[in-house]
Structures are given as structure tokens and as C-alpha cells.
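One-letter residues, chain by chain:
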Number of protein chains: 2
Amino acid sequence: MNAIKIPDIIIGRLPIYLRALQLMVEENIQTTSSQELGAHVGISAAQIRKDISQFGEFGKQGTGYKITFLIDKLKEILKIDRIWDVAIIGAGDMGRALARYQGFVNRGFRVVMVFDNDKSKIGQAIGEFVIQDMENMTEELKTRNIKIAMLTVPAPAAQKVTDLLVKAGAKVILNYAPVSLNLPEDVRVQYIDPATHLQRMTYYMV
Amino acid sequence: MNAIKIPDIIIGRLPIYLRALQLMVEENIQTTSSQELGAHVGISAAQIRKDISQFGEFGKQGTGYKITFLIDKLKEILKIDRIWDVAIIGAGDMGRALARYQGFVNRGFRVVMVFDNDKSKIGQAIGEFVIQDMENMTEELKTRNIKIAMLTVPAPAAQKVTDLLVKAGAKVILNYAPVSLNLPEDVRVQYIDPATHLQRMTYYMV
DNA sequence: TAGATTGTTAATCGATTAACAATC
DNA sequence: TAGATTGTTAATCGATTAACAATC
């Protein structure tokens, strides 16, 4: 369908544009320009125009972009013009925080299950969920056709659990464990590890 | 001191190398090669050698890198051969999870304070901390010379709180709020927003 | 010594920026 | 119409990879 392959670095900027545009809508702004959007997200106007134009001609010379229209297009491109079911694996502090996180609303995701292997946790409630036995994870994910997982298990367990997730058909993993994961080519991962993120900034400290 | 400027993209990979090397140490491995390390983190051997060689000649032809030595060097380069005090701003679910997170040990950071502006939370305990009044934040950060903050306040408050942090002398911010922050040039930020991270992966879903 | 692996150079590949015709 | 701003091309800039002499 897409004639040319879009670089991943461009895909990575689209959610940032989207977030800024949605903020503008909340402020009742109707229209914006690459210049203005760039100022909001700290990216050059030229780059924003180039990025967006990969997918079509969504703007108008002289007037810029109609925000609601651009939002719809970006959502469609990113395939978040729908709601994806997400499973949380690991009901520690981080898993619990994510289970109760309100920030997925209107952004394309909804948590539907929380798993843990700790017998003393299984059956407990977190927010609106009941912690389920990890023994049943593979089966449950398959049955409910869940493709997205947030991984909040301890680091030593992360690779093993990941292998199970892959077997269960997961294609997208948000990994909170501080380890690099080994994955087949068709499974994507993003790493969220506070220490690693901090470590890449301290270099610049005077 | 550094004659040439090192690209940020290289700095960003060093913590990943470091994490993998520390894992190797735990497995009692003494020595590694760019090839082997690359296999662990999913980066080409050539790139790893190039990255590391920006900072000195840390390897030996024929035998590779002595892991403990390389770890020490990387820590020194990243300025995490010390312990940085970190403040958590916002005692919601995410702030609480971070306050109790055990993953900072041995990685260069230690949480020392948690702030919130909710009167009903102030004075409460989270793990080993007592939630402090955000009114006192600027003063406390200055007094204790804290340069690093993890921002876990609601999105609408993030920019305002950030401005306060900057005034208080913060140079590094880990932002969990789903908004782009406006910052002076000498203050660094990394964004940790689960929805944004997921959104950049759904594009590849079939 | 022979094999392995670094550090580095040159070649390639990819991303960003500047500039401007087109046009709203 | 005049001013503004897009989409796109060409130029620049930067990052990655391939290859290999040096050497442990």
C-alpha cells in the first residue's frame, strides 16, 4: 500500500505532533502552521512539513493545517483510530500505577488485564482489575487477541516472560524492566527505564 | 576538556552498553568483544567500537574489553561514578511507584524527596519518605543542591512546575507528564509517556 | 606463531535544512 | 491583490557500515 518505506524516526515524531495538536484543540484553536507546531514541540518547521507530507497533502498554502483534520489523519496513520486492548504483566508498584493510569483514554489504548505469578497477589483487585495468574497468560492473550503488553516484571524474569508473550502473539511490548530484550523481527519494543533515561543526561552535567 | 563534541546519539547508547556489561559481570564473565556486546543489545559491532573509541582506547586487539574496566570508564564518562540526589515531584500513583522503585541502586541515583501540593497528601509516608509541601520545593532543592527531578504531576500542571524546577536550578528532568516541555538550553529532559511510546509502535501493526 | 579483535579510515547511507515555486 | 505558508527539491550535514592495518 505505502509505495515508499517511511523511516522509523519520522513515525516516532508523529505521536508528539499529535499530542501537541490535541492540546491545541482543547484550547479551541482551529488551525496551526508548521512554524507554530514546531515552536510547541521543539522541532523545525521544515522538518514538520517534510514529515507530514510523507503521508499526503494535509495542509493549505497560506493558511496551514486544520487541526482536527490533521489529528484524524495522524490517528489513522498511527492506527490509533481504534482502541487496542493492552495487558499488564507484573503487578508490582509500576504495574499497579499503570493499571490505574488515566492517560490512555482517547489515545488508542485500554488496559484489560493484569497478570502476576505471585500466588498471594492473584485474585487481588487493582483499580477495576483482578490480578490473574500468569499461568493463564498465554491462553488469555490468544483468546482475547491481545497484541500489546506492558512488561513490569523484575529484570531477571523479563526475557522469559517476553518469550511467552511472543508465543502468545504479542507484537508490541512496552518494557519497564531494565534489560535489553531479544525479539523476533516482527515484534517491536520500547524501553522505559528511569535509570537509563537519567544516565543519558548526567553526561551533560557541569 | 573533550576536544571534540560527542554526538548525543552516542551518549544515549552508553547507558545501554553499561546495563548489558553489568549483567555480564553478574554472570561472572570477565571479558567481552564488540561482537558479543552487540549481540546482547542489538547494535552492530562496528558501531560499538566506534562509540567506545570516542572516549579512549579501552580495548585490546585480539582479546576485546575487560568488562569491569569498561564499566568504570563508562560510569566515569556518564558522570555516574557518584550518586545523584533526585526529587520526585507529584505523589500520585506514578510518583509513589518511583519512590519505592529499587532499580536506582548502583546506577547513580537515589531519591531523597517527594513533593505534592495536595494538602491531604502532605505529611503522609511513601516508603521511606514523607510527602513534602510543594510550596517549599524551590527552597529545598536549592538548599540540598538537587539538580535532578522526576516529574509526575498531572499534564496541565507540568509546565508551571517545570518553570519552578528551572528556577530552583534543576538541570535534568525526567518527565512522566504527557506534554512537551519548554526549557532553557542548559536543562535536559527525557520523556516517559506510555501512550506516546505505544503510539509509535502501532503504526507497524498489520 | 596464528587467530582474534581492536581502533580508525573511507565509503555509503540517511536525515535535516535551506530555499523557493506554487497557491491559498 | 498581497501576505502567508505549504510541499518539494537540492544542498548540507551527520551517522552507520565496511574494510583493514595494527597488534594483542
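Please refer to the structure placed before this passage.
Residues numbered from 1 in each chain as written. Chains lettered and ligands numbered in written order. Predicted model: local features only at pLDDT ≥ 70, side-chain atom pairs only at ≥ 80, totals over all residues. Heavy atoms only, no water.

Quick word on the overall build of chain A
Per the secondary structure count, chain A includes eight helices and eleven strands. Seen along its three principal axes, the alpha-carbon backbone of chain A occupies a region of about 60 × 45 × 35 Å. Counting every position in chain A, which comprises 206 residues, the buried fraction comes to 50%. Considering only contacts within chain A whose residues lie at least 6 apart along the sequence, 56% involve residues at least 24 apart. For chain A, the accessible surface area stands at approximately 10,300 Å², while carbon and sulfur atoms represent 50% of it. Taken as two groups, the 25 positive and 22 negative side-chain charges of chain A have centres that lie 4 Å from each other. (Helix = DSSP H or I, 4+ residues; strand = E, 2+ residues; numbered from the N terminus. Buried < 20%, exposed > 50% of the residue type's maximum accessible area, 1.4 Å probe, protein only. Contact = heavy atoms within 4.5 Å. Areas by Shrake-Rupley, 256 points an atom, 1.4 Å probe, with all protein chains shown as cover. Lys, Arg positive; Asp, Glu negative; His and termini not counted. Charge placed at Lys NZ, Arg CZ, Asp CG, Glu CD.)

A look at the protein's contact with DNA strand C
Surveying the vicinity of DNA strand C reveals 25 residues, the closest of which are Gln47 of chain A together with Ser34, Arg49, Gly59 and Tyr65 of chain B. In DNA strand C, atoms within 4 Å of the protein come from the sugar-phosphate backbone in 62% of cases. The separation between a phosphate oxygen of DNA strand C and a polar side-chain atom of Arg13 of chain A is 3.1 Å. Interatomic distance of 2.9 Å between a side-chain N/O atom of Arg49 of chain B and a base nitrogen of DNA strand C. Every element with two or more residues in the surface near DNA strand C is listed here: α1 (8-26) and α3 (45-53) of chain A together with α3 (45-53), β2 (59-60) and β3 (64-66) of chain B. Considering each element in turn, the surface near DNA strand C owes the most residues, four residues, to α3 of chain A. In the surface near DNA strand C, the residues fall into five nonpolar, twelve polar and eight charged. (Near = heavy atom within 4 Å. Polar contact = N/O pair within 3.5 Å; in protein donor to acceptor, adjacent residues only side chain to side chain. Nonpolar A, V, L, I, M, F, W, Y, C, P; charged D, E, K, R; others polar.)

Some points on the packing of α1 of chain A against α3 of chain A
Residue and element names in this part refer to chain A. Relative to each other, α1 and α3 sit at 105°, their axes nearing to 10 Å. The orientation of α1 with respect to α3, classified from their angle, is roughly perpendicular. Across the interface between the two elements, Ile10, Arg13 and Tyr17 of α1 pack against Gln47, Ile48 and Asp51 of α3. Considering only residue class, the contact of α1 with α3 consists of three nonpolar, one polar and two charged. (Axes fitted to C-alpha atoms, helices over the stretch in contact; angles between N-to-C directions. Parallel < 35°, antiparallel > 145°, perpendicular 65-115°, else oblique.)

Describing the nonpolar core
Formed by 100 residues in total, the largest nonpolar core has its most connected members in Met150 and Leu198 of chain A together with Phe55, Met150 and Leu198 of chain B. With residues near it in sequence (within four places) discarded, Leu198 of chain A still touches Phe104, Phe109, Ile148, Met150, Val172 and Leu174 of chain B. (Core = buried A, V, L, I, M, F, W, Y, C linked by side-chain atoms within 4.5 Å.)

Observations regarding the side chain of His197 of chain B
Considering the arrangement of structural elements, one finds His197 of chain B in helix α8 (residues 194-202). Once you skip the residues sitting within four places of it in the chain, His197 of chain B turns out to touch Leu174, Gln190 and Ile192 of chain A together with Tyr191 and Ile192 of chain B.

Overview of unusual backbone geometry
Positive phi, close to 70°, is recorded for Asn106 of chain A, a residue that is not glycine. With a relative accessible area of 63%, Asn106 of chain A lands in the exposed category.

Quick word on the relation of the copies chain B and chain A
In this structure, two copies of a chain are linked by a rotation about an axis accompanied by a shift along it. With an RMSD of 0.0 Å, chain B superimposes on chain A once it is rotated by 180° and translated 0.0 Å along the axis. Both copies are brought into coincidence by an operation consistent with a two-fold rotation axis. Here 100% of the contact residues of chain B are again contact residues in chain A; the copies associate through an equivalent surface. (Least-squares fit on C-alpha atoms with pLDDT ≥ 70 in both.)

Brief notes about α8 of chain B
Of all the nine residues making up α8 of chain B, eight are buried; the element is thus mostly covered by neighbouring parts of the structure. Looking only at α8 of chain B, the buried set comprises Pro194, Ala195, Thr196, His197, Leu198, Gln199, Met201 and Thr202 of chain B.

Regarding the interface of chain B and chain A
Taken together, the contacts link 59 residues of chain B with 59 residues of chain A. Of the roughly 5,900 Å² buried where chain B meets chain A, counting both sides, 64% is carbon and sulfur surface. On inspection of chain B and its partner chain A, the count reaches eight salt bridges. Across the chain B-chain A interface, the total number found is 25 residue pairs in polar contact (both at pLDDT 80 or more). Those elements that place two or more of their residues in the side of chain B that touches chain A are α1 (8-26), α2 (34-41), α5 (93-100), β8 (148-151), β9 (172-175), β10 (188-191) and α8 of chain B. Counting residues per element, the side of chain B that touches chain A draws most heavily on α8 of chain B, at nine residues. Of the residues that constitute the side of chain B that touches chain A, the class distribution is 37 nonpolar, eleven polar and eleven charged. (Buried area = accessible area lost by both parts, 1.4 Å probe. Salt bridge = Lys/Arg side-chain N within 4 Å of Asp/Glu carboxyl O.)

Shape descriptors only; they carry no functional weight alone.
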